[in-house]
Amino acid sequence: MSTRWWAAACVVLATAGCTNDKGGGEQAIVLHPPTDVTSLGQPDHPIAGPQGAVPQFVVECAYSHAAPDDPIVAPGEFGAAHLHAFFGNTTTDANSTIDSLFAGDTTCDQRADLAAYWAPALLRGAEVLRPVKSTAYYRPGIDVDPKSVQPYPKGLVMIAGNAAAEEPQPLSIVAWGCGTGIARAVEPPECAQDRNLRLIVTFPDCWDGDNLDSPSHKSHIAYSSGGDCPEGYPVPIPQLQFSVEYPVWGATDDLMLSSGGLLTGHADFMNAWTPERMQMEVELCLHREVVCGIASGRTSG
Amino acid sequence: MRRVVSAVVAAAFALLAACSDDDEGGGGATPTTDGAATTESTPTTSDTSVSTSTADGEWATLRVPDDHPTIQAAVDAAQPGDLVLIAPGTYREAVQVTTDRLTIRGLDRNEVILDGDFELDNGIRVLGAKGVAIENMTAVNYVGNGFFWTGVDGYRGSYLTTYRIGDYGVYAFDSINGHFDHLYLAGSPESGLYIGECYPCNAVVTDVVSEYNGLGFSGTNAGGELYLVNSVWRHNRAGIMPNSGTYELCYPQREVTIVGNLVYDNNATESPSVRMAIRRQGTGIVIAGGTGDVVERNLVYGNDRYGIFLTPFLELSPNDEEPTRQEWGTICADAKLETPAERDDPIVWDVYDTRVVGNELADNGVDLVLATVDEDPATLGNCFADNIFATSAPRRIETLAPCTGTGSGDWTAGAIDDMLDQLYRQIKPGPEWQTAPLPPLQPQDDMPDAATAPPRPATDVPFALDLAAIKVPTRP
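It should be emphasised that the depicted structure is a prediction, and the values quoted were computed from it without experimental measurement. (Residues numbered from 1 in each chain as written. Chains lettered and ligands numbered in written order. Predicted model: local features only at pLDDT ≥ 70, side-chain atom pairs only at ≥ 80, totals over all residues.)

**Looking at the overall build of chain B**
Turning to step 1, where the next piece is worked out: Helix and strand counts for chain B come out as six helices and 32 strands.
Turning to step 2, where the next piece is worked out: Expressed as a percentage of the 476 residues in chain B, the buried residues total 57%.
Turning to step 3, where the next piece is worked out: Across chain B, every contact between residues at least 6 apart in sequence was considered, and the portion connecting residues at least 24 apart equals 65%. (Helix = DSSP H or I, 4+ residues; strand = E, 2+ residues; numbered from the N terminus. Buried ≥ 20, exposed ≤ 12 C-beta atoms within 10 Å, placed from the backbone. Contact = placed C-beta atoms within 7 Å.)

Here it is, written out as structure tokens:
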């Protein structure tokens, strides 16, 4: 069933003019199927609610670009992925490495955040919707001792959510919402006027302590439960909650993700934060348990 | 009496002080009585600190750049109670402060400049450290905030200038017991000054000039012994705006007291601004869904839309249910422990129990305005008395809603009847903050005796305020 959606994404790519000229012109491109990625466990409950109760630091990043690339799942293979919307690092493409990201620039308000963030493109019919922005919330996992949280190692890659899902995913990992509101749904709800549709993806918050990546891209990281990391994943890391905002209100009939349907929400992260800065934010904000910033009330009114 | 001691002795005292577990300021340290130390009258090496004793205790003065090349290095070396004294110069730093009771002071407000270069996030960020005072300096071109305290008990900012800042000029979030005075704040798209998420805040804001910002003052969910007095709010999109919202904790906004302010010409159309300020463009004092606020003895003129505007605040995407009246007394520390309820419909925050008394208004689009969307305005407990004004909406507002006795009259006569449209109205985005037109930065008053005054950590704030003595300001 998913095949139909890849085809749709390819058509969209052609019409959207977002094929990448580094992709080798006429050479045949093997399209990678959406990867079935789910890390061990899931958060104890969906993370939502007013800011200010839990220590955090926040980065807002403008939309950068779209490309059918995925440097984690299909490195070096231009055009081999479904269409992704990229945020943060402005150079992200199929060839991206941590070093190349560090040589790039960022769309984020936190200039030391050169990380690459991406999510499947959201389409309405054949139209690729241009996201409004992304917001990355970095917090301790639920009930995890904030002082135990360690900075991400340089070059850590993570995928959250399942790009091949055919059933609803846990709301604690992948959810849709309206504006900054608390309600969560497995498929896009009809949002009222001025309440932008958001895709909210929550990443694992425990690391095995050794591997920046793994063959499945999932087995080196896991979710905590009850405030503890599972066996084999001894290092608590910040829980990244990544939200993409789209200029969508009202009917959701024609919407679909480039990864297929509306249940395949996921997001990817390559850590190219300036290491000193990431360490500072973890120590100063999370360890000291203060709110270092808030996604502003700009969407309220 | 001044006493100069060697760095070794100073460091020993500092350690003693750090171990003394005394929150009141270095009481654990005892000044040396070793007369020999006074012979070292000329510290020459970069790791030499000058320690001074007074009846209040013991501290070191750490000079930038003489003793330490950067502000951060001095702050990192400082012990609670110390004075970091910064010489004129431009400092491209984002300073992090985690040590209690520091006083960080510039020797010249106009020439000690922290420059974020449109790259760095905050000029000085105080993270959970109690009692940190920042004095007599300027922050420009920061992506985030100029001077930012978060999660602290005890803060003070005095004689500070912020200019062209991405979020807030001066910002105290989730912080209590504070004092701000002699601030000049210009060119922030959110607001010049923001105090957010505190109840009771127990803070005083006085002698501030805030102009060419989105909002002059923003105070989401801030109140309880919070006083904005004797300040100037002009040429912003809107002058002063406390508001309620569940996007941050400790709602609703309650009990801010706004007295003796000059609030005029908040009609800027080209200042950098976020949406919620642009929506209130042309208004002086806006109470946006607040409760129990007091607006008294202010001079409010020349604001194109409304002078003093009690208006609902529309929150499209709430994170919780609106608290009931019985819950309005909940202090912030307790509210943090509560689990929010799921709520997906917008909240219209109304204004309750707010007193508008003894203000002078002129030349505003409408001088006094009380607006609601659904609620009967006669039931909300707001009152108006002894104001000098020409126009109101609804008309005869002091007869409808007097502060003593029972009101009477027709609430529909002259009322604003398109309030929901106003709250939803489509707006044109403001210019980018980095490049928005701003008048050149003018020299601002220096603090007295910056070179010689002892440190004054924010352990005695807010300073006493004689509210009754404040008079309506005169026009400049």
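**So, the sheet that holds strand 4 (residues 116-120) of chain A**
All names here are of chain A.
Turning to step 1, where the next piece is worked out: The antiparallel open sheet is built from five strands, whose spatial order is 2-3-4-16-8. The sheet terminates laterally at strand 2 (63-67) and strand 8 (157-161), the two strands that pair on one side only. Put simply, the sheet's adjacent strands are angled 20 degrees from each other on average, direction ignored.
Turning to step 2, where the next piece is worked out: Taken together, the five bridges between strand 8 and strand 16 (residues 266-270) define a ladder with antiparallel strand orientation. (Pairing = 2+ DSSP bridges. Axes fitted to C-alpha atoms, helices over the stretch in contact; angles between N-to-C directions.)

**Some points on the interface of chain A and chain B**
Turning to step 1, where the next piece is worked out: Counting residues at the interface gives 32 residues for chain A, matched by 40 residues for chain B.
Turning to step 2, where the next piece is worked out: In terms of residue count, the dominant contributor to the side of chain A that touches chain B is helix 3 (residues 275-287) of chain A (three residues).
Turning to step 3, where the next piece is worked out: Its residues assigned to classes, the side of chain A that touches chain B comprises 13 nonpolar, 13 polar and six charged. (Nonpolar A, V, L, I, M, F, W, Y, C, P; charged D, E, K, R; others polar.)

**With respect to helix 3 of chain A**
Turning to step 1, where the next piece is worked out: Residues of helix 3 of chain A that are buried: M278(A), E281(A), V282(A), L284(A), C285(A), L286(A) and H287(A).
Turning to step 2, where the next piece is worked out: Buried-residue contacts for helix 3 of chain A involve strand 1 (57-61) of chain A together with strand 5 (95-97) and strand 8 (122-127) of chain B.
Turning to step 3, where the next piece is worked out: Two residues or fewer after helix 3 of chain A comes E289(A), characterised by a positive phi angle close to 60 degrees.

**Side note on the sheet that holds strand 10 (residues 145-150) of chain B**
All names here are of chain B.
Turning to step 1, where the next piece is worked out: Taken in spatial order, the eleven strands line up as 5-8-10-12-14-16-19-22-25-30-32 in an open sheet, and their pairing is parallel. The two strands at the open ends of the sheet, each matched to only one other strand, are strand 5 and strand 32 (392-393).
Turning to step 2, where the next piece is worked out: Taken together, the three bridges between strand 14 (residues 191-196) and strand 16 (residues 215-220) define a ladder with parallel strand orientation. Residue pairing across strands places Y194 opposite S218, the latter belonging to strand 16.

**Observations regarding the pairing of strand 19 (residues 238-243) of chain B**
Residues and elements named next belong to chain B.
Turning to step 1, where the next piece is worked out: Of all six residues making up strand 19, six are buried, and the element is well covered by its neighbours.
Turning to step 2, where the next piece is worked out: For strand 16 and strand 19, the ladder comprises five bridges, and the chain directions are parallel. Paired with L215 across the two strands is A238, which belongs to strand 19.
Turning to step 3, where the next piece is worked out: Across three bridges, the pairing between strand 19 and strand 22 (residues 283-288) is parallel. By the bridge assignment, N243 is partnered in strand 22 with A288.

**As for the environment of T92(A)**
Turning to step 1, where the next piece is worked out: Mapped onto the fold, T92(A) is located in the loop between strand 3 (84-88) and helix 2 (98-102).
Turning to step 2, where the next piece is worked out: Ignoring any residue separated from it by four or fewer positions in sequence, one finds T92(A) in contact with P71(A), F86(A), A116(A) and W118(A).

**So, the pairing of strand 12 (residues 168-173) of chain B**
Residue and element names in this part refer to chain B.
Turning to step 1, where the next piece is worked out: Of all six residues that make up strand 12, six are buried, and the element is covered over most of its length.
Turning to step 2, where the next piece is worked out: The sheet contact formed by strand 12 and strand 14 spans five bridges and is parallel. Across the sheet, residue V170 finds its bridge partner in strand 14, namely L193.

**Quick word on the confidence of the model for chain A**
Turning to step 1, where the next piece is worked out: Across chain A, the average pLDDT comes to 88, with 85% of residues at 70 or higher.
Turning to step 2, where the next piece is worked out: Below pLDDT 50 for its whole length, residues 1-28 of chain A participates in 39 contacts with residues either more than four positions away or in separate chains. (pLDDT = per-residue confidence, 0-100.)

**Re the confidence of the model for chain B**
Close reading of the predicted structure is inappropriate where its pLDDT is low.
Residues and elements named next belong to chain B.
Turning to step 1, where the next piece is worked out: Per-residue confidence for chain B gives a mean pLDDT of 89, with 88% of residues at or over 70.
Turning to step 2, where the next piece is worked out: Note on residues 1-48: pLDDT under 50 across the span, and 70 contacts to partners over four residues away in sequence or across chains.
Turning to step 3, where the next piece is worked out: For this predicted complex, the interface score ipTM comes out at 0.87, alongside a pTM of 0.89.

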